[in-house]
Amino acid sequence: RRVTPQYADWVDYGPDRVRVQDGLSVRQPPGTYTVTLEVNGEEYSTELRVLKDPNSDGDLSDIRAQLALMEEIQQDHQAASEAINQIEWTRRQLQDLQVILEDRDDAEDLSESAGTLDLSLATIESELFQLQVTGTGQDQVRYATKLIGKLNHLAQVTSIGDFPPTDQAVEVQALL
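Residues numbered from 1 in each chain as written. Predicted model: local features only at pLDDT ≥ 70, side-chain atom pairs only at ≥ 80, totals over all residues. Heavy atoms only, no water.

Novice: Would you explain the pattern of salt bridges in this entry?
Specialist: If charged atoms from side chains of opposite charge come close, those side chains can pair. Evaluation of the coordinates by the stated rule reveals 4 salt bridges. Taking the shortest distance from any N to any O, the salt bridge between R91 and E125 comes out at 3.1 Å. Of this pair, R91 sits in helix α1 (residues 60–101) while E125 sits in helix α2 (residues 108–128), and the two are 34 residues apart along the sequence. As far as the burial class goes, R91 and E125 line up, both buried. With its nearest N and O atoms 3.0 Å apart, the salt bridge here joins D106 to R104. By relative accessible area, D106 is classed as exposed at 61%. R104 gets classed as partly exposed once you look at its relative accessible area, which sits at 44%. Each of R91, D118 and E125 takes part in one network of salt bridges that share partners. (Salt bridge = Lys/Arg side-chain N within 4 Å of Asp/Glu carboxyl O. Helix = DSSP H or I, 4+ residues; strand = E, 2+ residues; numbered from the N terminus. Buried < 20%, exposed > 50% of the residue type's maximum accessible area, 1.4 Å probe, protein only.)

This is how it looks when you write it as structure tokens:
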């Protein structure tokens, strides 16, 4: 089992044992795309034409600007997700090591170092992800949002409509 949220050792992350799912979807601009579906080992492909919303005042350059920022946000989200999951795997190994070393009189220093490293990694992780979140109830309201949540929110507000990103959205992405 992976490292659990603070105060919630009952949380189960499922068979993949991943806290933060990789991937932030990015809408694609108008154009022609090939869509492939695999069913029972057979592939079916067809072309799909995505049209610009005729009711939108945004033009293709606006959509491209939005796409460029969304791709940057997506890359930041991916990097943060990978860091969180790697930190948690490392923390789990450190906690398992401490259990193994518990009964050994000659390993107090090593056990203490493992605990110190675990706390240091948790401090780093807590800047990337709210460690108290359990995925149930109103966690998002109770606890301050960390980097992953801020990137998710920025992606949501940036991808509304066919408009270029605001100067503020660009600045926030740079800060995050």
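Let's pick the thread back up.
Novice: Could you clarify how one ought to interpret unusual backbone geometry in this entry?
Specialist: A negative phi angle is the norm for most residues apart from glycine, just as the trans form is the norm for most peptide bonds. Of note, N40 is a non-glycine position whose phi angle comes to about 50°, a positive value. Inspection of the secondary structure puts N40 in the loop between β1 (31–39) and β2 (42–50).

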